[in-house]
Amino acid sequence: MSDASVEVEVELEQGLLGGVQQHQDQNNQKLHAKSPLVENLQSLVAGGVGGVCAVLTGHPFDLVKVRCQSNQARNATDAVAHILKEARAASGPASVNAVRGFYRGVVPPLLGVTPIFAVSFWGYDVGKKLVTHFPFSASESTAANATKKELSTAQMAAAGFISAIPTTLVTAPTERVKVVMQTTQGKTSFADAARQIVRTQGFQSLFKGSLATLSRDGPGSALYFASYEVCKEFLNKMSGHKSGELSITNVCISGGLAGVSMWAVVFPIDTVKTQLQSSSKRQSMVEVTREIYRTRGGIKGFFPGIGPAMLRSFPANAATFLGVEMTHSLFKKYEQRGRGASTLA
């Protein structure tokens, strides 16, 4: 047999082996590829975990903010003083009453914010898939972005805005009941507050302030998710972490800054929304905006309680993104373990 024929046979064998290996790799990818249902469920669960972390971390600050925005306290110090005074006046240990006071109305956020954040982060993941089909500038190649799985800042912002649309359907009625609970004297449960709203103002009143909620959450979510992604990528490059590698410090800093940047921009709209939802009168956003400007001393009237809101936004949103990223990390480890077991089998 000549050397040429031996080389041909070797090349044929290598080609066949390469084809078999490629076919096996394709089969393995198909086998281990996540179904859309699993991806959606994981996004919902991760967002829900982030929501619970956000509520437990930030509710006391949120309570003080709402008291200021609804004219029940002159400033954050006055709101805290009122809560502590109520705690001392109630029966039982003052320290326990104080904790209960600062976590008053926490049940509706836990029940409502969990699905809100679940829907929000799910909506963001869906939004990211949608925006890959639409170039946001002439220089962007959609196919290239989709292949690299990298999005521009504009695309991430658009995905964030998209996430606010389904979220509003859950956010508006939940925050309506929460605001009523936080501004009502005496003890009241979530169910009692909801029944009272429906009984006195009708079922549609549960969705009072929906337009204001979307006006806040649309641009707010766009800024929220885009600033988080940009900040995290920058910090990962600075600290030498690879893309996709989890850094708790970078996640917390990025999440905290995302929360602060969002609230700094949308706080005036949130004030209008809170005023709308805490009032029993039928008013439009324009009417409430004029009333706030006229009765609260102009522009500064749109920023009551901004101190506690800013104090809350960093730790609460750091906890949110940490909960989300840790949950996704656990899912990845579980999947890798499953793949290793199937490979050994």
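Note: the structure precedes this text.
Before going into details, it helps to say that this report is about the structure given with it. No experiment lies behind these values; they were computed from the predicted model shown.

Analysis parameters
- Here the residue numbers are simple positions, counted from 1 along each chain's written sequence.
- Totals for whole chains, interfaces and linings use every residue, but because this is a predicted model, local features are given only for residues with pLDDT of at least 70 and side-chain atom pairs only at 80 or more, for both listing and counting.
- Side-chain calculation: all heavy atoms of the structure are included, whereas hydrogens and water are not.
- For the purposes of this entry, the term helix denotes a DSSP run of H or I that reaches at least four residues, the term strand denotes a run of E that reaches at least two, and both are numbered from the N terminus.
- A helix is expected to reach a length of 1.5 Å times the quantity of its residues less one.
- Categorising residues by exposure relies on relative accessible area from a 1.4 Å probe, with only protein chains included: less than 20% of the type maximum marks a residue as buried, more than 50% marks it as exposed, and the intermediate range marks it as partly exposed.
- The directions from the helix axis to the C-beta atoms are what the arc is built from.
- We call two residues in contact when some of their heavy atoms are within 4.5 Å.
- Salt bridges are defined by distance alone: a side-chain nitrogen of Lys or Arg within 4 Å of a carboxyl oxygen of Asp or Glu.
- Every axis in this analysis is a line fitted to C-alpha atoms, fitted for helices over the stretch in contact. Angles between the N-to-C directions lie between 0 and 180 degrees.
- The labels follow the angle: roughly parallel below 35 degrees, roughly antiparallel above 145, roughly perpendicular from 65 to 115, and oblique for the rest.
- Three categories are distinguished: nonpolar for Ala, Val, Leu, Ile, Met, Phe, Trp, Tyr, Cys and Pro, charged for Asp, Glu, Lys and Arg, and polar for the others, with Gly belonging to the last.

### Here's the deal with helix H8 (residues 190–201)
Part 1 of the argument: Between its first and last C-alpha atoms H8 spans 16 Å; for 12 residues at 1.5 Å apiece the expected length is 16 Å, and the two agree.
Part 2 of the argument: When we look at burial in H8, the residues that qualify are Ala 193, Ala 194 and Ile 197. With its buried residues spanning 100 degrees around the axis, H8 presents them on a single face. The exposed residues of H8 that point more than 90 degrees off its buried face are Arg 199 and Thr 200.
Part 3 of the argument: Buried-residue contacts for H8 involve helix H7 (153–182).
Part 4 of the argument: Trailing H8 by a residue or two, Gly 202 shows a phi angle of about 95 degrees, which is positive.

### A word on the pattern of salt bridges
Part 1 of the argument: Across all of its chains, the model carries 11 salt bridges by this definition.
Part 2 of the argument: With a shortest N-O distance of 3.6 Å, Lys 65 and Asp 62 are connected by a salt bridge. Here Lys 65 and its partner Asp 62 are both found in helix H2 (residues 36–69), 3 residues apart, which amounts to about one turn of the helix.
Part 3 of the argument: Residue classification places Lys 65 among the buried residues on the basis of a relative accessible area of 4%.
Part 4 of the argument: Take Asp 62: its relative accessible area is 7%, and that puts it in the buried class.
Part 5 of the argument: Where Arg 195 meets Asp 192, a salt bridge forms, and the shortest distance between an N and an O atom there is 2.5 Å. Here Arg 195 pairs with Asp 192, and both are found in helix H8, just 3 residues apart, close to one helical turn.
Part 6 of the argument: One salt-bridge network, in which partners are shared between bridges, spans Asp 62, Lys 65, Glu 175, Arg 216, Asp 217, Asp 270 and Lys 273.

### Quick word on the packing of H7 against H8
Part 1 of the argument: In the contact formed by H7 and H8, the axes pass within 9 Å of each other and the chain directions differ by 105 degrees. Comparing their axes, H8 and H7 come out roughly perpendicular. In this structure, H7 uses Arg 176, Val 177, Val 180 and Met 181 to contact H8, whose residues at the interface are Phe 190, Ala 193, Ala 194, Ile 197 and Gln 201.
Part 2 of the argument: A per-class count over the contact of H7 with H8 returns 7 nonpolar, 1 polar and 1 charged.

### Side note on the side chain of His 59
Part 1 of the argument: Here His 59 lies in helix H2.
Part 2 of the argument: Classification of His 59 by relative accessible area gives buried; the value is 3%.
Part 3 of the argument: Discounting residues that sit within four places of it in the chain, His 59 has contacts with Ala 54, Phe 102, Tyr 103, Arg 104, Gly 105, Val 106, Pro 109 and Gln 182.

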